[in-house]
Amino acid sequence: MECVFGLVGDGFALVAADSSAVNSILVHKSNEDKIMILDSHKLLGASGEAGDRVQFTEYIQKNVHLYEFRNGIPLSTAAAANFTRGELAQALRKSPYSVNILLAGYDKDIGPSLYYIDYIATLHKVDKGAFGYGSFFSLSMMDRHYHSGMSLKEAVDLVDKCIVEIRTRLVVSPPNFVIKIVDKDGAKEYAWRETIKDAEEPTA
Amino acid sequence: MARYDRAITVFSPDGHLFQVEYALEAVRKGNAAVGVRGTDAIVLGVEKKSTPKLQDSRSVRKIVSLDTHIALACAGLKADARVLINRARIECQSHRLTVEDPVTVEYITRYIAGLQQKYTQSGGVRPFGLSALIVGFDPDTGVPALYQTDPSGTFSAWKANATGRNSNSMREFLEKNYKETSGQETVKLAIRALLEVVESGGKNIEIAVMTKEQGLRQLEEAEIDAIVAEIEAEKAAAEAAKKPPSKDSLV
């Protein structure tokens, strides 16, 4: 029941993901961060088989860093997206990765962009995208309320609307979500939306 | 390919590996490079041989980053350096991927030295013709480190060292003048060592400073010129102080 969705706003791109790590009927943890900061100006939100998710995204992250050290400049968002898709495509008919990815980035000359990359190596540049059962609700919500050039406040409001829909209508909906944004100042965590908090640390 | 698997590096009757020694010769012909370890920074300096007028000097970077906290300068065959640097960069990321920790300076030095040694004991290949100065801060302890490798694959840690052209003069200077320094003093010491063998001026020297907070920072030509001017002024003052006092004071 993993949910990842994202959208492009005015000068920024946003990715939201649920934070539950589940194994059949057991919830391992509710604060798993599924949105990896790929480099200073890129976010990689991933959902899918837990082992594949971490393995694959870390592999992409290290190779993106390697490119930066070799060439003295970072990869563009489009290049990173195509590289990711290429790796998925190569593995597809050997030993496929079961990972769905939303790659958000900010390039100085192009601005913000969002790429939809699914587990069979489909690649689309999109304004809004979503994965998982939650996508039935979040995509419909975004179709209704999204317009290009949304401000950060408008976008986060839309994300909150989507989260409300997922919480109300999805049978086993994840309790917590994390929202990360990337803009000209870099990629960073924006907020958490929690209904289940971990137990407070006992104070001295 | 039967003809190409004969070892090139073989022992001589008196126990020398001539190919390795010839590689060291190649290093001795390479540009001068110096490394100085301070308490909070490590400085790398390289001699910049005169740039041809039409060459874009920005494309010739002699001090490179291997990772956010590790840098390398070398003397010798630059093309061999490119290969080693590429392998080291891959290893830095691979290490991060497998153990979720950045490399220590000693680890990556051992890796590079191991690679150099492999090529002295394989068929159909020749040793890498370069000595590398590897600097960085260990990720957990934050301790600064300077290591040197050579074509034979040996490596060791140093407080300050030089390699390449006239490295002996530079090393002698460092042995006489080394003391624990920090910040700008470390930079000055490195430049002073280089100036022993290089024509003075920002045009002929490339300096980079590695700090824990900022990583590797290449100094601008203007900055280097300013420090060189300071050093020259200090030298002149020292000379004047040595001379017997005369009626018209020179300082």
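Residues numbered from 1 in each chain as written. Chains lettered and ligands numbered in written order. Predicted model: local features only at pLDDT ≥ 70, side-chain atom pairs only at ≥ 80, totals over all residues. Heavy atoms only, no water.

1. Focus: the interface of chain B and chain A
Contact with chain B, which involves 11 residues of that partner, is made by seven residues of chain A. Its largest share of buried area at the contact with chain A, chain B owes to Arg 89, Gln 93 and Leu 97 of chain B, together 60% of the area lost on that side. Remark: the boundary between chain B and chain A carries zero salt bridges. The interface formed by chain B and chain A includes two residue pairs in polar contact (both at pLDDT 80 or more). For the side of chain B that touches chain A, the elements supplying multiple residues, two or more each, are β3 (63–67) and α2 (78–99) of chain B. The element that contributes the greatest number of residues to the side of chain B that touches chain A is α2 of chain B, accounting for six residues. For the side of chain B that touches chain A, a count of residues per class yields three nonpolar, four polar and four charged. (Contact = heavy atoms within 4.5 Å. Buried area = accessible area lost by both parts, 1.4 Å probe. Salt bridge = Lys/Arg side-chain N within 4 Å of Asp/Glu carboxyl O. Polar contact = N/O pair within 3.5 Å; in protein donor to acceptor, adjacent residues only side chain to side chain. Helix = DSSP H or I, 4+ residues; strand = E, 2+ residues; numbered from the N terminus. Nonpolar A, V, L, I, M, F, W, Y, C, P; charged D, E, K, R; others polar.)

2. Let's talk about the pattern of salt bridges
Between side chains of opposite charge, pairing is possible as soon as their charged atoms come close. As enumerated under the stated definition, the model contains 23 salt bridges over all chains in all. Across the pair Lys 42 of chain A and Asp 39 of chain A runs a salt bridge whose closest N-O atoms are separated by 3.1 Å. For the pair Lys 42 of chain A and Asp 39 of chain A, a shared accessibility class is recorded, and that class is buried. We note a salt bridge from Arg 217 of chain B to Glu 223 of chain B, for which the minimum N-O separation is 3.3 Å. (Buried < 20%, exposed > 50% of the residue type's maximum accessible area, 1.4 Å probe, protein only.)

3. Side note on the environment of Phe 11 of chain B
All names here are of chain B. Looking at the element boundaries, Phe 11 is found in the segment before α1 (18–29). Phe 11 gets classed as exposed once you look at its relative accessible area, which sits at 62%. Beyond its immediate sequence surroundings of up to four residues, Phe 11 is in contact with His 16 and Leu 17.

4. Some remarks on the packing of aromatic side chains
The final tally for this structure, using the stated rule, is five aromatic pairs over all chains. Measuring from ring centre to ring centre gives 4.5 Å for Tyr 116 of chain A and Phe 131 of chain A, while their planes differ by 20 degrees; the resulting arrangement is stacked. With Tyr 116 of chain A in strand β8 (residues 111–117) and Phe 131 of chain A in strand β10 (residues 128–131), this pair connects stretches of sequence that are 15 residues apart. Overall, Phe 131 of chain A belongs to the buried group, its relative accessible area being 5%. Note on Tyr 119 of chain B and Phe 128 of chain B: the rings are 4.7 Å apart at their centroids and 50 degrees apart in plane angle, and the pair reads as tilted. Residue Tyr 119 of chain B is classed as partly exposed on the basis of its relative accessible area, which comes to 26%. (Phe/Tyr/Trp six-rings, centres within 6.5 Å; stacked < 30°, edge-to-face > 60°.)

5. Focus on the sheet that holds strand β10 (residues 215–218) of chain B
All names here are of chain B. If you trace the five strands from one edge of the open sheet to the other, you get β8-β1-β2-β9-β10, paired in antiparallel fashion. Strand pairing shows two members of the sheet lacking a second neighbour, β8 (160–163) and β10, which therefore form its edges. When strand polarity is set aside, the average angle formed by the axes of neighbouring strands in this sheet is 15 degrees. The pairing of strand β1 (residues 33–37) with β8 spans four bridges and is antiparallel. Across the sheet, the residue bridging to Val 34 is Ala 162, located in β8. Packed on one face of the sheet, helix α4 (residues 167–177) meets β1 and β8 and runs near 165 degrees to β8. (Pairing = 2+ DSSP bridges. Axes fitted to C-alpha atoms, helices over the stretch in contact; angles between N-to-C directions.)

6. A look at unusual backbone geometry
Outside of glycine, negative phi angles account for most residues, and trans bonds account for most peptide bonds. In this structure, Ser 24 of chain A takes a positive phi of about 55 degrees despite not being glycine. Within the secondary structure, Ser 24 of chain A sits in the loop between β3 (21–23) and β4 (26–29). Residue classification places Ser 24 of chain A among the exposed residues on the basis of a relative accessible area of 65%. One non-glycine residue, Glu 100 of chain B, adopts positive backbone phi at about 55 degrees. Along the chain, Glu 100 of chain B turns up in the loop between α2 and α3 (105–118). Judged by its relative accessible area of 58%, Glu 100 of chain B is exposed.

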